[in-house]
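Letter by letter, the chains look like this.
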Amino acid sequence: MVVRTASPVSRRLFMKQTAALSAAFAAWKASPAFAEGVVLNILNSNTVWAGALTDGIAKEYTAAQITGEANPYESHYEKMLIELSQGSATFDLITTDNLWIVQPMANGWAASTDDIRAANPDLPEFQLANLAPASLTYQQYNGKRYGLPTAMTTPILIYRKDLLEAAGLSVPKTWDEYREAAAKLHTPEVAGNVLLMGGQDAHMSGDWGSRLMGMTRIEPHNDGVLDENRNVVFNSEGQGARAIERLREVLPYCPAGVEGFDYPEGSSIMQQGGAAMLITWSDVLVGVEDGPHKGKFGYTVAPTEKYEQQMVGGWSILINNASAQKEDAYRFLAWLTEGRGYEIMREAGESSLVLQRDIDNPEVVAVSPTLQAFADFKTRGTSPISIPPYREVNAVEVQRVIYEEVLAGVNGRKEPAQAMADAEARVKEVLAG
Amino acid sequence: MAGASVARAAQGATRAQRAGERWAPWILLAPTLVIMNVVGVYPLLHSLWVSFTGYKPSDPNAHQGWVGLKNYAEAMTDGQFWHAVLLTGAFTFASVALSLVLAVLMAILFNRPLPGFVLMRSVILIPMLITPIAVGLIWRIMMMPELGVLNYLLGFVGLGPFQWGSSRTTALVSVILVDVWQWTPFMFIIIFAGLKSLPRSPFESAQIDGASAWQTFWQVTVPMLRPVIIIAVLLRMIDALRTYDTIYIITRGGPDFATDVISIYLQRVNFRFFDLGYGSALSWITMILILIVVLIFVNLTGFLRTVNEKEAR
Amino acid sequence: MAATLAEHRARQRRAAALYWALALLATAFFFFPVFWMFASAFKSDAVSSTYPPVFLFAPSLENFAHLFTEAGAGRALWNSFFIVTLSTLLAMIAGTMAAYALARFDLRGKNTLALEILSIRMLPPIVSVIPLFMIARWLGVFDTPWLLIAVYTLTGLPFVVWIMRVFIQDIPQSVEEAAMIDGCGRIEAFWRVTLPLLLPGLAATMVIVFMFAWNEFLLASLLTSSEAKTLPVIAANAIKPKAIAFGLACAAGVVMSVPVIVLVLMMQKYLVQGLTLGAVKG
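Residues numbered from 1 in each chain as written. Chains lettered and ligands numbered in written order. Predicted model: local features only at pLDDT ≥ 70, side-chain atom pairs only at ≥ 80, totals over all residues. Heavy atoms only, no water.

Can you help me understand the overall build of chain A in this one?
Helix and strand content of chain A: 19 helices and 12 strands. Seen along its three principal axes, the alpha-carbon backbone of chain A occupies a region of about 85 × 80 × 50 Å. Sequence-distant contacts in chain A: of pairs separated by 6 or more residues, those separated by 24 or more amount to 77%. When the accessible surface of chain A is summed, it comes to about 16100 Å², and 52% of that surface belongs to carbon and sulfur atoms. Of the side chains in chain A, 37 bear a positive and 54 a negative charge, and the two mean positions are spaced by 5 Å. (Helix = DSSP H or I, 4+ residues; strand = E, 2+ residues; numbered from the N terminus. Contact = heavy atoms within 4.5 Å. Areas by Shrake-Rupley, 256 points an atom, 1.4 Å probe, with all protein chains shown as cover. Lys, Arg positive; Asp, Glu negative; His and termini not counted. Charge placed at Lys NZ, Arg CZ, Asp CG, Glu CD.)

Sorry if this is basic, but what is going on with the overall build of chain B here?
When you go through chain B residue by residue, the secondary structure sums to 14 helices and zero strands. Secondary structure elements of chain B occur, N-terminal to C-terminal, as α-α-α-α-α-α-α-α-α-α-α-α-α-α. Taking 20 Å as the expected radius of gyration for a compact globule of 313 residues, we find that chain B reaches 25 Å, considerably beyond that expectation. Considered along the principal axes of its C-alpha atoms, chain B spans approximately 85 × 60 × 30 Å. For chain B, the accessible surface area stands at approximately 12900 Å², while carbon and sulfur atoms represent 71% of it. One way to put it: in chain B the 21 positive side-chain charges average out to a point 9 Å from where the 15 negative ones average out. (Rg over C-alpha atoms; globule rule 2.2 N^0.38 Å.)

Sorry if this is basic, but what is going on with the packing of helix α2 (residues 24-51) of chain B against helix α4 (residues 73-104) of chain C here?
What describes two packed helices is the angle between their axes and the distance between those same axes. For the pair α2(B) and α4(C), the least separation of the axes is 8 Å and the interaxial angle reads 145°. Seen along the crossing, α2(B) lies across α4(C) with a hand that is left-handed. Residues B:P25, B:I27, B:L28, B:L29, B:P31 and B:T32 of α2(B) pack against C:A94, C:G95, C:M97, C:A98, C:Y100, C:A101 and C:L102 of α4(C). Residues of the contact of α2(B) with α4(C), tallied by class, amount to 11 nonpolar, two polar and no charged. (Axes fitted to C-alpha atoms, helices over the stretch in contact; angles between N-to-C directions. Left-handed = near helix turned anticlockwise from the far one by under 90°. Nonpolar A, V, L, I, M, F, W, Y, C, P; charged D, E, K, R; others polar.)

It is not clear to me how unusual backbone geometry should be interpreted in this structure. Could you clarify?
The residue after A:P388, namely A:P389, is reached through a cis peptide bond having omega -10°. Take A:P389: it is sitting in the loop between β12 (383-386) and α18 (395-410). Positive phi, normally seen in glycine, also occurs at B:R252, with a value near 55°. Turning to its location among the elements, B:R252 is positioned in the loop between α11 (245-251) and α12 (262-272).

Sorry, what's going on with the interface of chain B and chain A here?
When the parts of a complex come together, some accessible area is lost, and that lost area is often taken as the interface size. Contacts between chain B and chain A engage 28 residues on the former and 35 residues on the latter. Buried surface at the junction of chain B and chain A, summed over both partners, amounts to about 2900 Å²; 49% is from carbon and sulfur atoms. One salt bridge connects A:R413 with B:D256, and the closest N-O pair in it is separated by 2.7 Å. The interface formed by chain B and chain A includes 17 residue pairs in polar contact (both at pLDDT 80 or more). Here the side of chain B that touches chain A gets four residues from one element, more than from any other, and that element is α12(B). (Buried area = accessible area lost by both parts, 1.4 Å probe. Salt bridge = Lys/Arg side-chain N within 4 Å of Asp/Glu carboxyl O. Polar contact = N/O pair within 3.5 Å; in protein donor to acceptor, adjacent residues only side chain to side chain.)

How should the interface of chain C and chain B be read in this particular structure?
Each side of the interface is counted separately: chain C has 104 residues, and chain B has 105 residues. In this assembly, chain C packs against chain B so that about 9700 Å² is buried in total across both faces, 78% of it on carbon and sulfur atoms. It is C:F30, C:M122 and C:I126 in chain C that bury the most area against chain B; as a group they hold 8% of the surface buried on that side. The interface formed by chain C and chain B includes one salt bridge. Across the pair B:D239 and C:R121 runs a salt bridge whose closest N-O atoms are separated by 3.1 Å. Viewed at the interface, chain B and chain C are joined by eight residue pairs in polar contact (both at pLDDT 80 or more).

See below:
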């Protein structure tokens, strides 16, 4: 039997590859050393304002070097939980969606800025008067302040001005008007409205939440789902079931595939003219004008049932309690409140603004049309409320449970009253721990 | 004759040589065992420990200490978990079966020296190389009911617009399709390599005996490819049971639990609710279920028996 | 005689045409989404979300520019290469050695051991995250490549061991024994005789192990920060909280697939080599 003796991997090739690997390793090791001085590391999101923090703002802020890493939404939450719960000091500052904000505060993972200043009165005070009052409620916990807002959002009714005019309709202010408008505007090519049934946040907070928020009187610090004593109140007067019915009545006027729609799909279909109306958070609508229907959209606050109340959400930035540089982090936040930092965010293209003078500036509103909704707050006499159920530590879990039951009610798997009863029972279980 | 006695003598000589190499196999296995035990064991033991506690670091109201078997008991009555198990079973079975059939057919098809086949073979391998996140995203855009390119193209051949991942009835089928698309190349590459390693002579004998292509396929090719096919199925099955990224990006487990497979549910419990005690118990139950499936599969196909017989030769 | 030969040739040509058509169909099925991803990567934002979908357009490099300037893909590309190449090599070497031991030697508890190795792959990676995070901080290797290298080597081992075991035991022991009679030691026999015959299996396995490590996301995102971040983490950043930057995601997908595709093209040569060596086994 003849056997081939040539080896396919010659020794010389092996040596070359080893040498290449060693050179590569040396090059990796020779990465630039850290700059001297204070470095503030931010656990960051991947939005426009987040990019501005580590880009434009980092360039202008000279008292420390600002670095950060961008994270997609869910990874951001996971990383925040893991890093903070394990007491890691990798990050000095943490950005957080306001839905999650009570977690770090209640667990002692975030440092109170009031405490930091009390320990060192030489530190500058926050100039909170510069910022929108509605955005400042989230960073307060047990009477103390823990950080600052970075973005502020609210549900917005976006509609096609041209289609409404052509049908002779005025902008809906109540849910009855909304339903009639959706029915009238609904054609095979353009759906009357869109629901975002496929997203937990989109459907529970956006669709159901925006209907719930106008049905009962809610104190500004309440959230309509839980009260101060962690009692479940979202169906106390049957309003939860009523909100589900409001969703069901416009379901026939939705485009195909709405069961699986989340924020990106909703935004795309509005942009491409596949629907006439959509109610969603203001930061979802960022790219909607970049399509074939530029300039044809109108923006206003969501319709209501009885009370002019509107959710205000957004993002915040907190200081990690495990950080060794809390005072420097505090100084950075104080600098932000002077205003320049927020202006840089706006210049970078952010439209979910927090700086009051920007929101009041008509030139700014012309560029970021979603800010009109905040102007409408004044004309409609709307009072801001917080996103439900943010005040619960396990807000994400409660939101998920309610989402599952609301969805069952909307797509007909359960009767609305039954869905709400089940939701109440399950939320109580979650709250019990 | 002379050759046979030489072979027998050779066998005798090598067996004596092999007797003296008692430590050789363990030296060869050492690196693998070291890596396994150093990197793999701690996470395993840690998660086992956690599964007996109520560890939920995000909730200051929860009882964080030892709870014994409470998590496991709760898992037994968890409707969402068992629904996920059922879905995952259906998903895995459909995806692996379809991939297998496609991969075998393609391996045989491409085993010809026709022009352009080498290029096509390389192109076919690309789907499994793309990161699952990108795969999920590209299929999500393509499958949008009103704005996606799939319905647009299907419209040209008169096939009605499908809801794909946006409807409870079609979501599971859609993610199975994506999984088959992504992982058939995986089975293809293994089976093709196996095909290429087969000796020529059985095929030559079959041709001489006048066997048809069909007969050659079932009586020569498939039996010889058996070990390779089983390996491909086994490895693919274990991974299909743990699919996460693609499904999550396309449907997020919906609509309304239609594609809520085990890994999506586990991710939710562990990293959305941060209920690590319960989540670890669920993970261990999952692992045991996968192990049972693997054991059943391996015994059913007599795989280990075949392998052991071959190795005794 | 001549008539049947011509008939036979015509039948062969028709068969070849059929096979070719089938092959093209299969290729189109697997290739179209890839093409769509590549095309979308070169579309500017305005063009990418239009309906009806655009097939001909002026290509734009803005997505790639964004990836490499703002998203830090250059560093991530380098990290991915370093981490994944090293762990693939380690897994291939350790795993093939183990596969050889399992295939050629009589060991007690061999099947149990093989199943243990396979069980590495059965564990949902979620459970390993927090313990590995804790180890990383404790050993000071958080945000360095070493822990990821160790983990990827571990997760690659089951593939290498199980696939190579099957390929090794396909080669009868007599082949090695013949070489050993000729005076080679066992190692030399393996290197000179068995290894060339194993090339298709080695090539296939190396592609698979590399690819899985290259695309791994969960552990990479949680065990790294700005230093050791790998490409999948960059790619995932195309998913914004309330939107998806499709063009950016496709560009990231393209950047991530090109190295692996190149690797596969390089391996094709070894996959085919089995064709000629198959004659040896008679």
